[in-house]
Amino acid sequence: MSEEAINVEDLTYQHKLAPGTPLALRDLSLHLSKGSRTLLIGANGAGKSTLLQILAGKKMTPAGAKVMILGKDVFRNTPKGVTFLGTEWAMNPVVRSDIVVAAFLDSVGGYRHKERRDKLLDILDVDLDWRMHQISDGERRRVQLVMGLMSPWDVLLLDEVTVDLDVLVRSDLLAFLKSESESRGATILYATHIFDGISHFPTHVAHMRDGAFLEILSWPPPLVAASGPSTDEDVEMRAGSALHDVVLKWLKEDREVRRQAEASGVLKKTRGARAATDVPTDSETFYKKYDYGR
């Protein structure tokens, strides 16, 4: 894992080029080796999705930023073998139309990757006779994953894409992705808020806050792997507990930093309950004010 798969330096990004618009990413740098599996961890709005979309070539960055995958500039010399899978796909009207899954997969090249397609159909428990407009969001998500993973990839960018999967399918999928990484040297960058049953998966965990990386740790930590009983199950249980504790600590720190910024006036808007409100407190006045039937 000595060669770099992802190389980002001095990346700053703003969704709207207008005065006062906050930066989504600020002076961000990231270096990931081939074969690594990194969890992106951060609160909502930390910049995880924006980073993944830029790496996938879906957002153009300003001049001066270095965004390289497999030694190629993402925007000027688009590298092959990069797959991005995000949650927005399942909401696309096209994939909710009346089409049989077998025909849908063939339409995107499934017949060219039959061996991998069939393996993924078994892992993700997909029925080729499903009709896309009749299945659930979780089942539609499985079809998306078969579609996105059946062509061999070198870099995989995942943005909350396992959120709709049941525990068993998610576990089998992560085992497949880990095997792909270890056997082919493929690289995975995975943003998620679900941490149960995932402690065995990453080689690194990366903490994002306000569009920048605060810390990137190797995983599992040496102390977790070395202490106590030495069976794989024991190490995994300790690593799972440690991962949960690390994530919880980071997110608590993120929230406290945000609240301090709100209290000091650095952030103009505050979250949560507000002391000043014009909503009436007694029920009679409330219902008179909000009686839309009159």
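Residues numbered from 1 in each chain as written. Predicted model: local features only at pLDDT ≥ 70, side-chain atom pairs only at ≥ 80, totals over all residues. Heavy atoms only, no water.

- In the annotation of an unreviewed UniProt entry, the entry for the chain reads ABC transporter domain-containing protein, and the organism field reads Tulasnella calospora MUT 4182.

## Focus: the packing of helix α4 (residues 137-149) against helix α5 (residues 167-184)
Link 1 in the chain: Contact pair α4 / α5: the axes reach a minimum separation of 13 Å and the direction vectors enclose 10°. As judged from the angle between their axes, α4 and α5 are roughly parallel. Along the contact surface, α4 presents R142, L145 and L149, while α5 presents V169, L173, F176 and L177.
Link 2 in the chain: Among the residues making up the contact of α4 with α5, the classes are represented as six nonpolar, no polar and one charged. (Axes fitted to C-alpha atoms, helices over the stretch in contact; angles between N-to-C directions. Helix = DSSP H or I, 4+ residues; strand = E, 2+ residues; numbered from the N terminus. Parallel < 35°, antiparallel > 145°, perpendicular 65-115°, else oblique. Contact = heavy atoms within 4.5 Å. Nonpolar A, V, L, I, M, F, W, Y, C, P; charged D, E, K, R; others polar.)

## Some thoughts on the sheet that holds strand β8 (residues 187-191)
Within a sheet, adjacent strands bond to each other through the backbone by hydrogen bonds, running parallel or antiparallel.
Link 1 in the chain: Strands sit in the order β6-β7-β8-β3-β9-β10 across an open sheet of six strands; the sheet is mixed. The open sheet is flanked by β6 (82-86) and β10 (212-218), the only strands paired with a single partner. Each neighbouring strand pair of the sheet contributes to a mean axis angle of 15°, computed without reference to strand direction.
Link 2 in the chain: Here five bridges tie β6 to strand β7 (residues 155-159), and the two strands are oriented parallel to one another. By the bridge assignment for β7, V82 is matched with V155.
Link 3 in the chain: Relative to the sheet, α4 contacts β6 and β7, its axis offset from that of β6 by approximately 170°.
Link 4 in the chain: Most of the contacts of α5 go to β8, to which it runs at about 145°, and overall it touches β3 (37-41), β7 and β8. (Pairing = 2+ DSSP bridges.)

## Brief notes about the layout of surface pockets
Link 1 in the chain: Each pocket or cavity is described by its volume, and for the largest pocket that value is around 1,100 Å³.
Link 2 in the chain: Forming the walls of the largest pocket are 35 residues, and the residues nearest its centre are N44, G45, A46, D210 and R271.
Link 3 in the chain: Among the elements of the structure, α1 (48-55), β9 (204-209) and α7 (232-264) are those that each provide at least two residues to the lining of the largest pocket.
Link 4 in the chain: For the lining of the largest pocket, the element with the highest residue contribution is α7, accounting for seven residues.
Link 5 in the chain: For the lining of the largest pocket, the class distribution of residues is 11 nonpolar, 11 polar and 13 charged. (1 Å grid on protein atoms, 1.4 Å probe; cavity = no way out; pocket = protein on both sides within 12 Å on 5 of 7 lines; lining within 4 Å. Points joined across faces, edges and corners; volume = space filled by probe spheres on them.)

## Some thoughts on the packing of aromatic side chains
Link 1 in the chain: Under the defined criterion, the tally for this structure stands at one aromatic pair.
Link 2 in the chain: An angle of 90° between the planes, with centres 6.1 Å apart, marks the rings of Y190 and F201 as edge-to-face. Here F201 lies in the loop between β8 and β9 and Y190 lies in strand β8, a separation of 11 residues in the sequence. Judged on exposure class, the residue Y190 and its partner F201 are both buried.
Link 3 in the chain: Taking NZ or CZ as reference, R37 lies 5.8 Å from the ring centre of F201, over its face.
Link 4 in the chain: Lying over the aromatic face of W153, R184 brings its terminal NZ or CZ to 5.2 Å of the ring centre. (Phe/Tyr/Trp six-rings, centres within 6.5 Å; stacked < 30°, edge-to-face > 60°. Buried < 20%, exposed > 50% of the residue type's maximum accessible area, 1.4 Å probe, protein only. Lys NZ or Arg CZ within 6 Å of the ring centre and 35° of its normal.)

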